[in-house]
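Residues per chain are reported as follows:
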Amino acid sequence: MKQDIDTLCRVLGNSTSPFHTVKEAIEQFSLAGFQELIWEEDWKVEKGKGYFLRVYGSSLIAFIIGENWEAKDMLRIEAAHTDFPCFKIKPLPEKIGRYAVLNVEVYGGPIFNTWLDRPLSIAGRVALRGKEAFVPEIRLLDMEEPVCIIPNLAIHMNRKINEGIELNRQVDLLPLAGIKERGDWFLKEIADRLEVRQEEILDYELNLYNVDKPTVFGFQKEMLTSPRIDNITSVQACVSGLIHSGKEKGIHVVALFDNEEVGSKTKQGGDSMLLSYILERLYLALGKGRAEYLSAIAGGMMLSVDVAHAIHPNHPEKCDITNQIYLNDGVALKQSGTQRYATDCEATAIIEQLCYENQIAYKKFANRSDIPGGSTLGSLQSSILPMRTVDMGIPILAMHSARETMGVTDYKSLCKLMEVFFFDK
């Protein structure tokens, strides 16, 4: 168990942008013998082998084809998202003045005040001038060290701060990065760290991230607090599940989508035809036609893996009156009559039996009727790939905070479920 948490802590620390989340997953798949496929090229795939595809840098599709695969075998998919609520750096970001302040915009739904007075760094990707206009050079960048902070206004200047204040996105959430007297300093910082000339930089996608380290805590060391628990815990559980899955029968797929926190309606998001196109190409590469592919979709099953709300120790009234889950209660099986979660009773029954047979802790979860939960990949993808789907994930506290809290044994339960779901039956 310690090794599982040690690995998770390393991955949480390395996944500082969606691009770095994908990079971390690719390193694990490559070490396990998976081969890379290029979307634009012809595919040659073989039974008994694993493959992965990078999709626009921030999404990733990986799969294993069973050694004895037949078209009638069950198609199984685990999906999670690579992004997290944060702040994105705008173009021309230098706010001119004595202080070096960056102009940023809000990405997703972060809890603003949790980002204040924390050491922040910058990560993402940078596009450099290439040999051809249609092929820019893409470089990943992680500054790793704290380089900026969003300072609070002192209580002496805002006497009502402890009564609750609204933070203005354009005024109160700009990070301080230094004390300078000139403009045009940000691109110079990027160029210096990438060891390129400033004029080579054409564009970038960079975000702020909290550099605080994951920490196990509690009198029995039963909890973990860290940035990006939502949703890197799910990403890592899916990656580990596929690497350790059964390899005799079926096709086992992990789909890691970007942009879930802003609605998923992008070319690399969960509300796109991305996964459908890739799966159909896979069946064609295996010598099957569209009819076999559509049959596989109809008989397939998907797990949409994302975190859930644990009951709060100070505000239990915010949870449903009968469907509640505490930290270390196990995996949350998320249900909603409004179909904000895609789970239905047949799919739930399958997962319940897997949990029962493998001694995996779980609990059913529903939101209060007057406090709707967030959207998920499950409801979006199941409308494109109409297969049985279950929304699930570990319960956490302070979802979308700069630092969230989870139960240690919940992650163990999730990893075990991700593995047995893929195991040959």
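Residues numbered from 1 in each chain as written. Predicted model: local features only at pLDDT ≥ 70, side-chain atom pairs only at ≥ 80, totals over all residues. Heavy atoms only, no water.

A. Spatial organisation of the overall build of the chain. A tally of helices and strands in the chain yields nine helices and 20 strands. For the chain, the C-alpha radius of gyration of 22 Å lies close to 22 Å, the compact-globule estimate for 425 residues. By principal-axis analysis of the C-alpha atoms, the chain measures approximately 65 × 60 × 40 Å. Buried positions account for 54% of the 425 residues belonging to the chain. Look at the contacts in the chain between residues 6 or more apart in sequence, and 75% of them connect residues 24 or more apart. Here the chain has roughly 19,700 Å² of accessible surface; of this, 51% comes from carbon and sulfur atoms. Distance between charge centroids for the chain: 1 Å, based on 47 positive and 58 negative side chains. (Helix = DSSP H or I, 4+ residues; strand = E, 2+ residues; numbered from the N terminus. Rg over C-alpha atoms; globule rule 2.2 N^0.38 Å. Buried < 20%, exposed > 50% of the residue type's maximum accessible area, 1.4 Å probe, protein only. Contact = heavy atoms within 4.5 Å. Areas by Shrake-Rupley, 256 points an atom, 1.4 Å probe, with all protein chains shown as cover. Lys, Arg positive; Asp, Glu negative; His and termini not counted. Charge placed at Lys NZ, Arg CZ, Asp CG, Glu CD.)

B. Representation of the pairing of strand 16 (residues 331–334) within the structure. With burial as the criterion, each face of strand 16 is covered, one bearing Val331 and Leu333 and the other bearing Ala332 and Lys334. As judged from the four bridges shared by strand 16 and strand 17 (residues 362–365), these two strands associate in the parallel manner. Across the sheet, Ala332 pairs through a bridge with Lys363, a residue of strand 17. Running through helix 7 (residues 345–357), the crossover from strand 16 to the neighbouring parallel element strand 17 is right-handed. The pairing of strand 16 with strand 18 (residues 388–393) spans three bridges and is antiparallel. Bridge pairing in strand 18 links Leu333 to Met392. (Pairing = 2+ DSSP bridges. Right-handed = clockwise from strand over helix to strand, strands pointing away.)

C. Local environment of helix 9 (residues 408–422). Here helix 9 contains 15 residues, and its C-alpha end-to-end distance of 23 Å stays within 8% of the 21 Å for a straight helix at 1.5 Å per residue. Most of helix 9 is tucked away: 11 of the 15 residues are buried. Of the residues making up helix 9, those classed as buried are Val408, Asp410, Tyr411, Ser413, Leu414, Cys415, Leu417, Met418, Val420, Phe421 and Phe422. (Expected span 1.5 Å × (residues − 1).)

D. Molecular detail of the nonpolar core. One finds Phe29, Leu303, Ile351, Met392, Leu417 and Met418 to be the most contacted residues of the largest nonpolar core, which totals 52 residues. If one sorts the elements of this core by residue count, helix 9 sits on top with nine residues. Beyond its immediate sequence surroundings of up to four residues, Ile351 is in contact with Met301, Leu303, Leu333, Val390, Met392, Leu417 and Phe421. Leu116, Ala123, Trp185 and Tyr209 belong to the second largest nonpolar core, which has 39 residues in total. (Core = buried A, V, L, I, M, F, W, Y, C linked by side-chain atoms within 4.5 Å.)

E. Up close: unusual backbone geometry. Along the chain, Asp230 connects to Asn231 via a cis peptide bond; the corresponding omega equals 15 degrees. By the secondary structure assignment, Asn231 is in helix 4 (residues 229–243). Here the phi dihedral of Gln359 falls at roughly 55 degrees; this positive angle occurs in a residue that is not glycine. Mapping Gln359 onto the fold places it in the loop between helix 7 and strand 17. Of note, His400 is a non-glycine position whose phi angle comes to about 75 degrees, a positive value. Assignment of secondary structure puts His400 in the loop between strand 19 (395–397) and strand 20 (404–407).

F. Structural context of the packing of aromatic side chains. According to the stated counting rule, one finds 10 aromatic pairs in the structure shown. Measuring from ring centre to ring centre gives 5.2 Å for Phe87 and Trp115, while their planes differ by 85 degrees; the resulting arrangement is edge-to-face. With Phe87 in strand 5 (residues 86–95) and Trp115 in the loop between strand 6 (99–107) and strand 7 (120–132), this pair connects stretches of sequence that are 28 residues apart. Like Trp115, Phe87 is buried. Put simply, the rings of Trp69, Tyr283 and Tyr293 touch in pairs and so form one group of aromatic residues. (Phe/Tyr/Trp six-rings, centres within 6.5 Å; stacked < 30°, edge-to-face > 60°.)

G. Up close: helix 6 (residues 290–299). The complete set of buried residues in helix 6 reads Tyr293, Ala296 and Ile297. For helix 6, the angular spread of the buried residues around the axis is 100 degrees, confining them to a single face. Within helix 6, the exposed residues directed more than 90 degrees away from the buried face are Ala291, Ser295 and Ala298. The elements touched by buried residues of helix 6 are strand 4 (75–81) and helix 5 (274–285). (Arc of directions from axis to C-beta.)

H. Geometry of the pattern of salt bridges. Considering all chains together, one arrives at 21 salt bridges under this definition. Here Arg139 ties to Glu137 by a salt bridge, and the two come within 3.5 Å at their closest N and O atoms. Residue classification places Arg139 among the partly exposed positions, given a relative accessible area of 27%. Under the relative-accessibility criterion, Glu137 is labelled partly exposed at 35%. Between Arg388 and Glu346 there is a salt bridge, with the nearest N and O atoms lying 3.6 Å from each other. (Salt bridge = Lys/Arg side-chain N within 4 Å of Asp/Glu carboxyl O.)

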